[in-house]
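Okay, here's what each chain looks like letter by letter:
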Amino acid sequence: MKKANTSVKIDGIDKKILRYLMEDARRPVLEIARNIGISGAAIHQRLRKLEASGLLAGSKFVINPKVLGYTTMAYIGIFLDKAMSNPRAVAALKKIPEVLECHYTTGNWSILIKVLCQDNEHLMQLLNKEIQQIEGVSRTETFISLNQQIDRQISI
C-alpha cells in the first residue's frame, strides 16, 4: 500500500511569516505585514490556511522551570516485561506531572521518557516510588542531563 503524502506546500511568504512567529509568537501581525510588505489581512488568511493544514499546532508560553526550582532534567529508558504492558504503562505515566515527554522506541527500551525534577533526591523518589512501581515496568535506565546544548524547532 502506498503511503499518502502528508507534507504541506509553503511558499516564501509563508516561510517569512513562520520565521517571525517562531522567533516571537506574540509579534503583532501588522508588524510582520509591514516587514514582509503585504497586508495584515493577507497574513491572517495565510495563518488560517497553515492552521487548517495542520502545520501550525498552536502557540504557547514557555515557562523557565529553573525559576520554579526544577533543576534536574533526566531521560529514563523503561524496560517493560511484555509489549502488552505499553498502554497501561503509558496511562500510568500520564498521571505523573514530572513526565514531560513519552516515546515508544526501538532498541532496548520499550519507552523513553523525559522528566523534570527539583533535584536528584526528587528524581530518586520519582523513580523508586512512582515509575518503578508501575505494573509491567521491569527496570529503568536513567540519564541525567547536565546542560541542554541545543533547543530549537525544525528549520523553515
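The preceding data block contains the structure.
In this text, all values refer to a predicted model and were calculated from it rather than measured experimentally.

### Topic: the pattern of salt bridges
For step 1, the next point in the chain: Applying the stated criterion to the full structure yields 7 salt bridges.
For step 2, the next point in the chain: Where Arg-46 meets Asp-11, a salt bridge forms, and the shortest distance between an N and an O atom there is 2.9 Å. One end of the pair, Arg-46, is in helix H3 (residues 40–53); the other, Asp-11, is in the segment before helix H1 (12–23), with 35 residues separating them in the sequence.
For step 3, the next point in the chain: Look at Asp-11 and you get partly exposed, because its relative accessible area is 33%.
For step 4, the next point in the chain: Close ionic contact of Arg-27 with Glu-23 constitutes a salt bridge, the shortest N to O distance being 3.0 Å.

### With respect to the environment of Asn-128
For step 1, the next point in the chain: For Asn-128, the position within the fold is in helix H5 (residues 120–129).
For step 2, the next point in the chain: In sequence terms Asn-128 and Ser-85 are 43 residues apart; their C-alpha atoms lie 19 Å from each other.

### As for the packing of aromatic side chains
For step 1, the next point in the chain: Per the counting criterion, the structure on display carries 1 aromatic pair.
For step 2, the next point in the chain: Seen in terms of ring centroids, Trp-109 and Phe-143 are 6.0 Å apart; in terms of plane orientation they differ by 65°. Their pairing is edge-to-face. Taken together, the positions of Trp-109 in the loop between strand E2 (99–104) and strand E3 (111–117) and Phe-143 in strand E4 (residues 137–145) put the pair 34 residues apart, joining distant regions of the chain.
For step 3, the next point in the chain: Classification of Trp-109 by relative accessible area gives partly exposed; the value is 22%.
For step 4, the next point in the chain: Cation over ring: Arg-139 sits above Phe-79, and NZ or CZ is 3.8 Å from the ring centre.

### Comments concerning helix H2 (residues 29–36)
For step 1, the next point in the chain: Those residues of H2 that sit buried are Val-29, Ile-32, Ala-33 and Ile-36. Seen along its axis, H2 keeps its buried residues to an arc of 100°; they face one direction. Along H2, the residues that are exposed and aim more than 90 degrees away from the buried face are Leu-30 and Arg-34.
For step 2, the next point in the chain: Following H2 by one or two positions, Gly-37 has its phi on the positive side, about 95°.

The rules behind each value
Residues take numbers from 1 onward in each chain, read along the sequence in its written order. In keeping with the predicted nature of the model, local features appear solely for residues at pLDDT of at least 70, side-chain atom pairs appear and are counted solely at 80 or more, and the whole-chain, interface and lining totals rest on all residues. Calculated side-chain values reflect all of the structure's heavy atoms, with hydrogen atoms and water omitted. Should a side-chain nitrogen of Lys or Arg be within 4 Å of a carboxyl oxygen of Asp or Glu, the pair is scored as a salt bridge. Runs of E in the DSSP output that reach at least two residues are strands. Runs of H or I that reach at least four are helices, and both are numbered from the N terminus. Throughout, exposure labels follow a simple rule: accessible area from a 1.4 Å probe, protein chains only, divided by the maximum for the residue type, with under 20% read as buried, over 50% as exposed, and the rest as partly exposed. Working definition: a ring pair exists when centres of Phe, Tyr or Trp rings (six-membered ring for Trp) sit within 6.5 Å. Plane angles under 30 degrees give stacked, over 60 give edge-to-face, the rest tilted. Note on criteria: charge over ring means Lys NZ or Arg CZ within 6 Å of the ring centre, with the direction from the centre no more than 35 degrees off the ring normal. Arc, as used here, means the arc of the directions from the helix axis to the C-beta atoms.

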